[in-house]
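Overview (structure and organization)
Now for the letters of each chain:
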Amino acid sequence: MKNKIIILDTTLRDGEQALKASLKVKEKLKIAISLEKMGVDVIESGFPISSPGDFKSIQKISQVIKNSKICSLARCLEKDIDVAAEAMSSSDLFRIHLFLGTSDIHVKSKLKKNFEEIIEMTVSSIKRALRYTDDIEFSCEDAGRTSLDNLCKIVEKAIHAGAKTINIPDTVGYAIPNKFGKIIKVLKNKVYNIDKAVISVHCHNDLGMAVANSISAIQAGARQIEGTINGLGERAGNAALEEIIMAIKLHEKSLNVYTTIKHKEIYKTSQIVSRICNIAIPINKAIVGSNAFSHSSGIHQDGVLKNKKNYEIIDPKVIGLKTVRLNLTSRSGRAAVKFYMKEMGYHESNYNIDQLYSKFLKLADERGQVFDYDLEALAFSDKIKEKISYYKLEYFSMKKKIEGSTVVKIKLSFKKKKHTFTMKTNDSLIETIYLLLKKLTNYHFLMKEIQLNVEKNNKKEIKKINIRANYNNRSFYGIGVTEDIIESIVQAMVNVINNIRRYKKIKNI
Ligand code: KIV
Ligand code: ZN
C-alpha cells in the first residue's frame with residue numbers, strides 16, 4: 001500500500017524570514033488561504049516570539065484556516081512555547097515546532113552548552129509544549145552535520161518525551177542525496193521507538209540539492225517533507241515544494257508514496273507567492289517558470305504539435321496552466337506558425353503559408369521574438385503595414401511639485417493630430433500613466449506583467465521594460481528602451497496600444 005507524504009509548507013516562516021521586507025498580516029493570510037486551497041497538510045505560519053507582527057499574522061491565520069493544520073516555530077524556551085500556543089489558540093488542532101541545534105558546531109559555538117544539556121532542554125520543552133497540544137514536532141537543527149550517534153540519542157529522547165514528528169533539517173544545505181538518505185535509514189534502524197514518530201526532512205538548497213535530498217529521504221522512509229513555494233527561504237532557499245510534489249506525482253509507483261495536494265492549484269499559488277513576496281520566478285525555474293512549458297527549437301515544436309509527450313513530461317493543465325507555449329523565434333518551423341494561425345481562427349486556405357513563413361523569419365531575425373498578432377499582421381500585410389505606429393509618443397515629462405504631488409504630461413500624435421494630456425497625482429506614477437493612456441485610447445487593457453532589465457552601455461544605464469497586457473482575452477506585449485525607467489514604461493505601454501490598434505484594424509473591430 002502506498003504511503004502518504006505529509007506536506008509542511010514553511011513559505012510563511014522560512015520563506016518570509018529571507019525576504020527584504022516582512023509581510024503584512026493581510027498578505028500572509030492571502031498566502032495561507034492559497035496554501036489551504038492547494039491542500040497543504042501543515043502550514044508553518046511563523047515564529048510568533050520574533051515580532052508582534054508575526055504573532056498577529058499567526059493569530060489571524062489560526063482564526064481563518066480550518067482545513068490545514070497550523071504550526072508555529074519556537075525555540076526550546078518556555079516563553080517561546082507559551083507565546084506560540086497563545087498565537088494559535090483559536091485553532092482546534094495546532095502544532096508547536098520546537099528546534100534546537102544538535103551538531104557539535106551549533107552546540108559548542110552557538111549555544112555554548114554540552115550535548116547532555118541539549119537533551120535536557122529538548123525533553124523539558126517538549127513536556128511544556130504538551131500542556132497545549134499533543135502535536136509536537138522537534139527539529140534537530142543542523143542535523144545534516146550532526147554525528148549519527150548524537151542524532152540517534154536525541155531523536156530517541158525526543159520521541160520518548162512525546163514528540164510526534166521528528167524533523168531532520170539539512171540547515172546549511174551541506175548534504176548530498178545518498179548520504180542524506182543514509183541518515184534517515186540509520187535513524188530507522190537504530191532508534192528503538194522511531195515507529196512512534198513521523199520522520200520529516202527540511203532541506204536547504206546551498207548546493208542545489210534540496211529537492212534531490214528530500215526525494216532521497218523519502219526513499220529511505222521519511223514521511224513528511226518541508227519546503228516552500230518557489231523554493232524561497234534562507235540563503236539559497238528551501239526545497240521547492242512544487243518540484244517535490246510533481247516528482248512524487250510522476251514517480252508515485254516507484255517511490256510508493258503519494259500526496260493529497262490539489263495539483264491544479266500549484267501554478268496559481270506560485271504566482272500569488274511571487275507577487276506578494278515580490279520575488280520574480282526565474283524563467284527557467286522547474287514546474288512554474290515561464291519557460292517550463294514553452295518550446296523553442298523547431299524540431300521540438302514540431303514534435304510537441306504531433307504529440308505533446310514527445311517533449312513534455314507533465315501536462316501543464318495538471319498544475320493549472322492552460323496550454324503549451326511555443327516561442328515564435330527564428331528557430332521555429334512552419335508547424336508553430338500554422339499552430340498560432342489556427343489558434344487565432346485562421347484556416348490554411350485564408351493565407352499563404354510560404355509567404356507568411358518567409359516574412360515571419362525576416363521579422364524574427366530583426367526582433368528576436370514574434371507574437372501571434374504579428375503573424376496576423378504579416379499574413380494580411382496587403383491590408384496593413386506591420387511596422388506602422390498609430391500612436392506616437394511625442395513628448396513626456398513629469399515634474400514634482402513642492403507640496404509633493406507630481407504633474408505628468410504626455411503628448412501623443414494620432415492620425416496626424418497631437419494630443420496633450422496632463423494629470424496631477426499623488427499616486428503611483430505608473431498607475432497614473434496607465435490611466436492616462438487608457439483614457440486617451442479607450443482600450444481597457446489590463447497590465448499583467450512588467451519586467452525591468454538594466455544594461456550598461458558606454459557608461460550609460462539603459463532601462464529596458466517589457467510589458468504584457470491582456471485585451472479581449474489575448475496577450476499583447478510592449479517594449480520600451482530608454483535611459484529613464486518611467487519613459488521606458490510609457491514607451492512600452494504605447495507599444496502595447498499600437499499592437500492592440502493593429503489587431504483591431506485587422507479584425508475590423
Ligand atoms: O533550517 C532549519 O534548520 C530550520 C529549522 C528551524 C527547522 O529552519
Ligand atoms: Zn530552514
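A brief look at the structure comes next. (Residues numbered from 1 in each chain as written. Chains lettered and ligands numbered in written order. Predicted model: local features only at pLDDT ≥ 70, side-chain atom pairs only at ≥ 80, totals over all residues. Heavy atoms only, no water.)

Remarks on the coordination of the zinc ion (ligand 2)
What counts, and what does not: For Na, K and Ca the donor cut-off is 3.2 Å; for every other metal, N, O and S atoms count as donors within 2.8 Å. Water does not enter the count, which can leave sites looking incomplete. Elements are defined by DSSP. Helices are runs of H or I of four residues or more, strands are runs of E of two residues or more, and each kind is numbered from the N terminus. Relative accessibility decides the category of a residue: with a 1.4 Å probe and only protein chains considered, values under 20% of the type maximum give buried, values over 50% give exposed, and everything between is partly exposed.
Here the zinc ion (ligand 2) is held by Asp-14 (OD), His-202 (NE2) and His-204 (NE2), and the distances to it run 2.0 to 2.1 Å. Considered as a linear motif, the donors of the zinc ion (ligand 2) on their single chain read D-x187-H-x1-H. In this pair, Asp-14 sits in helix 1 (residues 11-17) while His-202 sits in strand 8 (residues 198-203), placing the two residues 188 residues apart along the sequence. Taken individually, Asp-14 and His-202 each receive the classification buried, so the pair is uniform in this respect.

As for a nonpolar patch on the surface
Applicable threshold: Here, patches come from residues exposed beyond 30% relative accessible area and free of salt bridges, joined within 9 Å for like charges and within 5 Å for nonpolar side chains (Val, Leu, Ile, Met, Phe, Trp, Tyr). Each accessible area is a Shrake-Rupley result for a 1.4 Å probe, and residues are judged covered by the shown protein chains and nothing else. Salt bridge, as used here, is a side-chain nitrogen of Lys or Arg placed within 4 Å of a carboxyl oxygen of Asp or Glu.
A contiguous nonpolar patch, built from Leu-452, Val-454 and Ile-485 and spanning about 230 Å² of accessible area, is present on the exposed surface. Positionally, Leu-452 belongs in strand 16 (residues 446-457).

Considerations on the sheet that holds strand 8
Rule in force here: Only when DSSP finds a minimum of two bridges between them are two strands counted as paired. Think of each axis as a best-fit line through the C-alpha atoms, taken over the contacting stretch in the case of a helix, with angles from 0 to 180 degrees between the N-to-C directions. Contact criterion: two residues are considered in contact whenever any of their non-hydrogen atoms come within 4.5 Å of each other.
Reading around the circumference, 2-3-4-5-6-7-8-9 is the order of the eight strands in this closed barrel, with parallel pairing throughout. Mean inter-strand twist for the sheet, computed between neighbouring axes without regard to direction, equals 25°. Two strands pair when backbone bridges link them, and strand 3 (residues 42-46) and strand 4 (residues 69-75) are joined in this way by four bridges, in the parallel orientation. Bridging across to strand 4, Val-42 finds its partner in Lys-69. Against the sheet, helix 6 (residues 115-129) engages strand 5 (94-101) and strand 6 (136-141), with an angle of about 170° to strand 5.

What to know about the packing of helix 14 (residues 334-343) against helix 16 (residues 372-379)
The condition that has to hold: Should an angle fall under 35 degrees it is called roughly parallel, over 145 degrees roughly antiparallel, and 65 to 115 degrees roughly perpendicular, with every other angle called oblique. When residue character is reported, Ala, Val, Leu, Ile, Met, Phe, Trp, Tyr, Cys and Pro are called nonpolar, Asp, Glu, Lys and Arg charged, and the others, Gly included, polar.
At a minimum axis distance of 10 Å, the contact between helix 14 and helix 16 shows a crossing angle of 90°. Comparing their axes, helix 16 and helix 14 come out roughly perpendicular. Facing helix 14, whose interface residues are Val-337, Tyr-340 and Met-341, helix 16 presents Asp-372, Leu-375, Glu-376 and Ala-379. Of the residues belonging to the contact of helix 14 with helix 16, the class tally is five nonpolar, no polar and two charged.

Quick notes on the side chain of Thr-259
Note the cut-off: For the purposes of these results, a polar contact is taken to be a pair of N or O atoms within 3.5 Å, where, inside protein, one atom must be able to donate a hydrogen and its partner to accept one; residues adjacent in sequence count only when each atom of the pair is a side-chain atom.
Its place among the elements puts Thr-259 in the loop between strand 10 (257-258) and helix 12 (266-277). A distance of 3.4 Å separates the side chain of Thr-259 from the backbone nitrogen of Ile-261, its partner in a polar contact. Thr-259 has contacts with Ile-5, Ile-7, Ile-245 and Ile-248, leaving out every residue within four places of it along the chain.

A word on the nonpolar core
So the rule is basically this: We call a set of buried residues a nonpolar core when its members are Ala, Val, Leu, Ile, Met, Phe, Trp, Tyr or Cys and they connect through side-chain atoms within 4.5 Å of each other. Domain borders in the structure are assigned automatically or taken from a domain database.
If you look at the biggest cluster of nonpolar residues, it comprises 95 residues, and the most contacted ones within it are Ile-96, Leu-98, Phe-138, Val-155, Ile-166, Ile-168 and Val-201. In this structure, this core is formed jointly by two domains, domain 1 (3-277) and domain 2 (294-383), each of which donates at least three residues. For Val-201, the residues in contact, after removing those within four places along its chain, are Asn-167, Ile-168, Phe-180, Ile-184, Ser-214, Ala-217, Ala-222, Gln-224, Ile-225 and Glu-226. Listed in part, the 32 residues of the second largest apolar core include Tyr-434, Tyr-471, Val-496 and Ile-497.

Describing the pairing of strand 7 (residues 165-170)
For clarity, the cut-off: Clockwise travel from the first strand over the helix to the second, with the strands pointing away from the viewer, marks a crossover as right-handed.
Counting buried residues in strand 7 gives six out of six residues, a clear majority hidden from the surface. Side chains of strand 7 alternate between two faces, with Thr-165, Asn-167 and Pro-169 and Ile-166, Ile-168 and Asp-170 buried alike. Taken together, strand 6, helix 7 (residues 148-161) and strand 7 constitute a β-α-β crossover, and its handedness is right-handed. Where strand 7 meets strand 8, six bridges bridge the pair, whose relative direction is parallel.

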